[in-house]
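Summary of the model geometry
Next come the chains, spelled out residue by residue.
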Amino acid sequence: MTKKINKISQLEEKIADLENKWKRALADYDNLQKRVEKEKSEFIKYAGVRILEKFLEIYDDLRVCESHLKDKGLSLICARFEEVLKSEGLRRISALGETFDPQKMEAIEVVEGPENKVMEVVRDGWEMEEKVIRPVRVKVGGGKKAKEKIQKAKKMEEEKLRGNYV
């Protein structure tokens, strides 16, 4: 009789163990399905990013032409172009006057101005749902030391132009 009870208890333990493994396998499979669905969704969402980046270059060129030509028709085209970019989920990154953020901005020059403040936007940056598609190119204030260095460099440049090499 004790042998049967031991055998039954061993089988019950084995059943409980297999049941736990089965539940874990189901949970793993469910997690895998969710992860694959999320990756697929992100792939679809960002699949068009490469072409959007190319469109941004064209948009920049149109805006430069617009600023020089002051043509009303070109202004309408630029406005429509920007509407299309926004409808695709792109959002312009605001930077002017903001503190420099290396995650969203690319500093191309240090200029006179408050330290780490964006003094000028050279090229607009764009993001899609918090993912930076193209960083903003900016000129950043360098504070007091930068002002002194810039003034010294300007003075040296003037001396070179006058023929007085330093």
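Everything below is about the structure printed above this text.
Residues numbered from 1 in each chain as written. Predicted model: local features only at pLDDT ≥ 70, side-chain atom pairs only at ≥ 80, totals over all residues. Heavy atoms only, no water.

**Details of the pattern of salt bridges**
Summed over all chains, the structure comprises 17 salt bridges. A salt bridge links E83 to R80; the shortest N-O distance between them is 3.6 Å. Highlighted residues: E83 and R80, both in helix 3 (residues 72-87), separated by three residues, approximately one helical turn. Of the residues examined, E83 reaches a relative accessible area of 49% and is grouped as partly exposed. When the shortest N-O distance is used, the salt bridge between K139 and E109 registers 3.6 Å. Here the residue K139 occupies a position in strand 6 (residues 136-141), and E109 occupies one in strand 2 (residues 105-111), the gap between them amounting to 30 residues. (Salt bridge = Lys/Arg side-chain N within 4 Å of Asp/Glu carboxyl O. Helix = DSSP H or I, 4+ residues; strand = E, 2+ residues; numbered from the N terminus. Buried < 20%, exposed > 50% of the residue type's maximum accessible area, 1.4 Å probe, protein only.)

**Considerations on the pairing of strand 6**
A large share of strand 6 lies buried, amounting to five of its six residues. Here strand 2 pairs with strand 6 via six bridges, running parallel. Each residue of the ladder has a partner; that of E106, found in strand 6, is R137. Pairing geometry for strand 3 (residues 118-123) and strand 6, over four bridges, is antiparallel. Each residue of the ladder has a partner; that of V121, found in strand 6, is V138. (Pairing = 2+ DSSP bridges.)

**A word on a nonpolar patch on the surface**
Nonpolar side chains collect at one region of the surface, where Y29, L32 and V36 lie side by side and expose about 270 Å² of accessible area between them. Along the chain, the position of V36 falls in helix 1 (residues 2-46). (Patch = residues over 30% accessible without salt bridge, like charges linked within 9 Å, V, L, I, M, F, W, Y side chains within 5 Å. Areas by Shrake-Rupley, 256 points an atom, 1.4 Å probe, with all protein chains shown as cover.)

**Notes on the packing of aromatic side chains**
Inspection of every chain in the model, using the stated rule, returns three aromatic pairs. Ring plane angle 75° and centroid distance 6.4 Å describe the contact between F55 and F81, whose orientation is recorded as edge-to-face. Taken as a pair, F55 in helix 2 (residues 49-69) and F81 in helix 3 lie far apart in primary sequence, 26 residues in all. Given a relative accessible area of 36%, F55 falls into the partly exposed group. Owing to a relative accessible area of 18%, F81 belongs among the buried residues under this scheme. For the pair Y59 and F81, a centre-to-centre distance of 5.4 Å together with 50° between the ring planes defines the contact as tilted. Placement of the pair is Y59 in helix 2 and F81 in helix 3, with a sequence separation of 22 residues. Judged on exposure class, the residue Y59 and its partner F81 are both buried. Pairwise contacts between aromatic rings join F55, Y59, F81 and W126 into one cluster. (Phe/Tyr/Trp six-rings, centres within 6.5 Å; stacked < 30°, edge-to-face > 60°.)

**Structural notes on the sheet that holds strand 5 (residues 131-134)**
Consider a sheet: its strands pair through backbone hydrogen bonds, and that pairing is either parallel or antiparallel. If you walk across this open sheet you meet the three strands as 1-4-5, and the pairing is antiparallel. At either end of the open sheet lies a strand with only one pairing partner, and these are strand 1 (90-93) and strand 5. Within this sheet the neighbouring strands show an average axis-to-axis angle of 40°, counted without direction. Bridging between strand 1 and strand 4 (residues 125-128) involves four bridges; their strand directions are antiparallel. Bridge pairing in strand 4 places R91 opposite E127. Across the sheet, helix 2 lies against strand 1, strand 4 and strand 5, angled at about 50° from strand 5, the strand it touches most. (Axes fitted to C-alpha atoms, helices over the stretch in contact; angles between N-to-C directions. Contact = heavy atoms within 4.5 Å.)

These figures capture arrangement, not role.
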